[in-house]
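# A closer look at the structure
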Amino acid sequence: MGNTTFAIIKPDAVKNNYTGKIYNHILDSGFDILCAKLIKMTRAQAEGFYGIHKDKPFFKELTTFMSSGKCMVLALSKESAVSEWRKVIGATNPEEAEDGTIRKLYATSLGENAVHGSDSDENAKIEIAFFFSDIEIIQNK
Ligand code: UDP
Ligand code: MG
């Protein structure tokens, strides 16, 4: 298992002023933040990032939402980062997320669910490269 994952604090959470709370949650869960920045995605960028879901019925709604406002993108480091971060964020549907998880605490709905987390080491690498250049990433060595 790799030790890096990619996260987004999504537009609903930024709008609802949960950025600071979620940032603390990340640190309190033992992640090291390798880089972070506030961005506003274009529709084309959101479509590119979520290309894996392009045939899903929720694709249009998802990419409209993800390009609707500011979000924070982050690269996170911890042992087994991908699975550890997925544990901290909880189930995709906040109604099914366990107590204490970020989605349970801060999500708005199934679509507007506060945070993103990579689903594999391979995708974490691709997603980090989508938003960050090598020079932006603090190398944890
Ligand atoms: N999503 C949605 N409706 C669905 C499933 C997913 O709007 O029925 C959105 C939701 O924002 C989710 C994102 O699409 O976080 C990506 O879906 P995925 O299944 O990859 O969930 P995740 O990996 O984010 O838990
Ligand atoms: Mg996913």
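Below or above, wherever it landed, is the structure these notes cover. Because the structure is predicted, anything quoted here is derived from the model rather than measured.

### Comments concerning helix H4 (residues 59-66)
Of the positions making up H4, those classed as buried are Phe59, Leu62, Thr63, Phe65 and Met66. For H4, the buried positions fall inside an angular range of 160° around the axis, keeping them on one side. Turned more than 90 degrees off the buried face of H4, the exposed positions are Lys60 and Glu61. Looking at the packing, one finds that the buried side of H4 touches strand S1 (4-9), helix H1 (11-15) and helix H3 (43-49).

### Regarding the pattern of salt bridges
Tallied over the entire structure, the rule returns 4 salt bridges. Lys37 is the salt-bridge partner of Glu136, the closest N and O atoms lying 3.1 Å from each other. Linking Glu136 in the segment after helix H7 (121-131) with Lys37 in strand S2 (residues 32-40), this pair joins segments that are 99 residues apart in sequence. Across the pair Lys78 and Glu84 runs a salt bridge, and its minimum N-O distance is 3.3 Å.

### Describing the state of the cysteines
As enumerated under the stated definition, the model contains 0 disulfides in all. Cys35 takes part in no disulfide bond, and the closest cysteine sulfur, belonging to Cys71, lies 14 Å away. Note on Cys35: relative accessible area 8%, which makes it buried. Owing to a relative accessible area of 0%, Cys71 belongs among the buried residues under this scheme.

### Let's talk about helix H2 (residues 19-28)
Along an α-helix, a turn takes 3.6 residues, which lines up residues three or four apart on a common side. Among the residues of H2, Thr19, Ile22, His25 and Ile26 are the ones counted as buried. An end-on view of H2 places all buried positions within 125° of arc, on one side of the element. Following H2 by one or two positions, Gly30 has its phi on the positive side, about 90°.

### Describing the side chain of Thr63
Note on placement: Thr63 falls in helix H4. Residues in contact with Thr63, not counting those within four places in the same chain, are Arg43, Ala46 and Glu47.

What counts, and at which threshold
Residues numbered from 1 in each chain as written. Chains lettered and ligands numbered in written order. Predicted model: local features only at pLDDT ≥ 70, side-chain atom pairs only at ≥ 80, totals over all residues. Heavy atoms only, no water. Buried < 20%, exposed > 50% of the residue type's maximum accessible area, 1.4 Å probe, protein only. Helix = DSSP H or I, 4+ residues; strand = E, 2+ residues; numbered from the N terminus. Arc of directions from axis to C-beta. Contact = heavy atoms within 4.5 Å. Salt bridge = Lys/Arg side-chain N within 4 Å of Asp/Glu carboxyl O. Disulfide = S-S within 2.5 Å.

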